[in-house]
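The lines below spell out each chain.
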Amino acid sequence: MPAKIKTAMPPFLDLGGGWIVEWDAVDPTTGDTVSGVVISNTSILVAGDLGDESQGPPELVPAPLLAHEPGGG
Amino acid sequence: MPDKQIHPLGTVAAPGDYRIADAAELLLKGAFATFDGSGAAGPFQPLLRIISDAGSVALETAADTTVAAGASADASWFPHIAAAAGAAPPPSGSGVQWAYIDSKELSVSCPPATSTRIPADATTFYTNAPSVYAAAASAGGVEGVSILADGHYYLMMTGTFASPPVATDVYNLIIEGGGTFADFGWQPASILFPIAGQETGSLFAGGLMSVGGFITPPTDAIVCRVDNTGGGHTLHFVYTGLFIMQLDTVNQDL
């Protein structure tokens with residue numbers, strides 16, 4: 001069971017295009033990246049205009065059945 | 001507009017970057033990641049880093065908790081939480097460790113040219129830190145408060161005269177204690193508040209005291225003392241009580 005760690009971050013971080021959110025694992029003494037650490041399950045909670053991110057896959061909506069089709073009319 | 005959750009990365013070796021799309025403008029409200037340290041080269045702290053579009057680091061916020069090599073952690077970042085506690089947790093229910101002892105509030109005669117020690121009442125001793133303070137009798141058998149831990153302390157003693165002194169009276173109101181009875185009055189712990197003349201309202205003596213250097217814990221009980229040094233009249237003093245507050249835990253004489 002992984003330890004649960006919570007850390008403060010500033011509120012109101014307004015980030016524009018081209019900015020980078022980076023997760024890292026650093027040495028407590030040197031601050032250097034510790035090799036061999038694998039990151040997964042990343043997620044961010046955001047508000048605002050997602051730009052390209054908001055363009056999800058197009059929804060597949062069944063077309064209405066035509067009158068001559070079985071069940072149509 | 002409701003908040004949205006984005007899962008920007010798969011499974012990557014640290015560090016993992018998510019570049020915000022050019023057309024986007026996001027208000028970042030929180031972040032999460034699982035850090036698998038089973039193959040880590042050493043202990044590590046999860047860190048969230050924001051890098052501007054100019055390529056420079058705008059901020060870094062590292063967890064206070066260090067994850068041991070071989071261990072894993074689910075790390076969350078969000079605003080408005082306090083950092084983890086440091087080395088010493090605050091006392092339960094309070095950020096200040098204090099004690100108060102009431103007196104019997106009786107009028108005590110203080111004859112001329114004498115030092116009179118007035119006992120407090122151990123049955124009315126209050127503290128939120130019994131490891132720091134205790135009601136105790138001084139080496140001279142006078143009830144007061146003993147300090148049990150190193151640190152600097154603020155002390156305040158209050159009282160009043162039952163009958164007003166005359167204009168020619170001279171007296172000292174003293175918070176006495178800390179060392180042996182023979183030392184009283186002439187060590188850093190003693191607080192002298194000389195008064196002359198007709199004081200009819202409430203009186204107080206206050207000051208700082210250090211414990212852990214010259215005076216070692218547990219201290220001799222800190223008590224109220226009235227020196228009637230002049231005027232030739234017997235004074236009648238009503239000791240109200242003594243309040244003590246620990247300012248720090250530093251062992252350094254004043």
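Residues numbered from 1 in each chain as written. Chains lettered and ligands numbered in written order. Predicted model: local features only at pLDDT ≥ 70, side-chain atom pairs only at ≥ 80, totals over all residues. Heavy atoms only, no water.

A few words on the confidence of the model for chain B. Residue and element names in this part refer to chain B. Across chain B, pLDDT averages 80, with 84% of residues at or above 70. Confidence drops under pLDDT 50 across residues 85-92; counting only partners more than four residues distant or on other chains, this segment forms two contacts. Under a pLDDT of 50 for its full length, residues 180-192 has, in the predicted model, 37 contacts with residues more than four places off or in other chains. Scored by ipTM, the complex comes to 0.72, with pTM at 0.48. (pLDDT = per-residue confidence, 0-100. Contact = heavy atoms within 4.5 Å.)

Residues and elements named next belong to chain B. Of note, D36 is situated in strand β4 (residues 25-36). Along the backbone, D36 and A73 are 37 residues apart, and their C-alpha atoms lie at a distance of 6.7 Å. Among the polar contacts listed, one links the side chain of D36 to the side chain of S38, at a separation of 2.8 Å. (Helix = DSSP H or I, 4+ residues; strand = E, 2+ residues; numbered from the N terminus. Polar contact = N/O pair within 3.5 Å; in protein donor to acceptor, adjacent residues only side chain to side chain.)

Turning our attention to the interface of chain A and chain B. Taken together, the contacts link 48 residues of chain A with 68 residues of chain B. Summed over both partners, the interface of chain A with chain B comes to about 6,200 Å²; 59% of that surface belongs to carbon and sulfur atoms. Applying the counting criterion to the chain A and chain B interface returns three salt bridges. We note a salt bridge from R49(B) to D24(A), for which the minimum N-O separation is 3.0 Å. Taken together, the connections running from chain A to chain B amount to 36 residue pairs in polar contact (both at pLDDT 80 or more). (Buried area = accessible area lost by both parts, 1.4 Å probe. Salt bridge = Lys/Arg side-chain N within 4 Å of Asp/Glu carboxyl O.)

Read across the sheet, four strands follow the order β3(B)-β3(A)-β5(B)-β6(B) without closing on themselves; strand pairing throughout is antiparallel. With partners counted over all chains shown, the strands left at the sheet margins are β3 (16-19) and β6 (57-62) of chain B, one partner each. Strand-to-strand twist of the sheet, defined as the mean angle between neighbouring strand axes without regard to direction, takes the value 20 degrees. Of the strand pairs in this sheet, strand β3 (residues 20-26) of chain A and β3(B) are connected by four bridges, and their pairing is antiparallel. Opposite E22(A), over in β3(B), you have D17(B) as the bridge partner. (Pairing = 2+ DSSP bridges. Axes fitted to C-alpha atoms, helices over the stretch in contact; angles between N-to-C directions.)

Attention now goes to the environment of L47(B). One can find L47(B) in strand β5 (residues 45-51). Overall, L47(B) belongs to the buried group, its relative accessible area being 5%. Distance in space between the C-alpha atoms of L47(B) and A62(B) is 4.1 Å, their sequence separation being 15 residues. For L47(B), the residues in contact, after removing those within four places along its chain, are E22(A), W23(A), D24(A), V26(A), F35(B), E60(B), T61(B), A62(B) and W77(B). (Buried < 20%, exposed > 50% of the residue type's maximum accessible area, 1.4 Å probe, protein only.)

Our next topic: the pairing of strand β8 (residues 98-103) of chain B. Residue and element names in this part refer to chain B. When β8 meets strand β19 (residues 235-248), the two strands line up antiparallel, connected through five bridges. Note on β19: the bridge partner recorded for A99 is I244. Pairing between β8 and strand β11 (residues 120-127): four bridges, direction antiparallel. Looking across to β11, one finds that Y100 is bridged to Y126.

Attention shifts here to the pairing of β6(B). Side chains on a regular strand alternate between the two faces of the sheet. Residue and element names in this part refer to chain B. Relative to β6, β5 is paired through five bridges, and the arrangement is antiparallel. Paired with L47 across the two strands is A62, which belongs to β6. Connecting β5 to the next strand, β6, in antiparallel fashion are five residues, including G55 with a positive phi near 90 degrees.

The next point concerns the nonpolar core. With 34 residues, the main nonpolar core has V21(A), W23(A), I44(A), L28(B) and F35(B) as its most contacted residues. Elements supplying a minimum of two residues to this core: β2 (13-16), β3 and β4 (38-49) of chain A together with β4, β5 and β7 (72-78) of chain B. Considering each element in turn, this core owes the most residues, five residues, to β4(B). Residues V145(B), M157(B), I175(B) and L242(B) belong to the second largest nonpolar core, which totals 32 residues. (Core = buried A, V, L, I, M, F, W, Y, C linked by side-chain atoms within 4.5 Å.)

Glancing now at the side chain of T42(A). Within the secondary structure, T42(A) sits in strand β4. With relative accessibility at 1%, the residue T42(A) sits in the buried group. A distance of 3.2 Å separates a polar atom in the side chain of T42(A) from the backbone nitrogen of L9(B). Those residues within four positions of T42(A) in sequence are excluded, and the remaining contacts are W23(A), I6(B), H7(B), P8(B), L9(B), F32(B) and A33(B).

By the secondary structure assignment, W23(A) is in strand β3. For W23(A), a relative accessible area of 0% translates into the label buried. Counting along the chain gives 17 residues from W23(A) to S40(A), while the straight-line C-alpha distance between them is 9.8 Å. Among the polar contacts listed, one links the side chain of W23(A) to the backbone oxygen of F32(B), at a separation of 3.3 Å.

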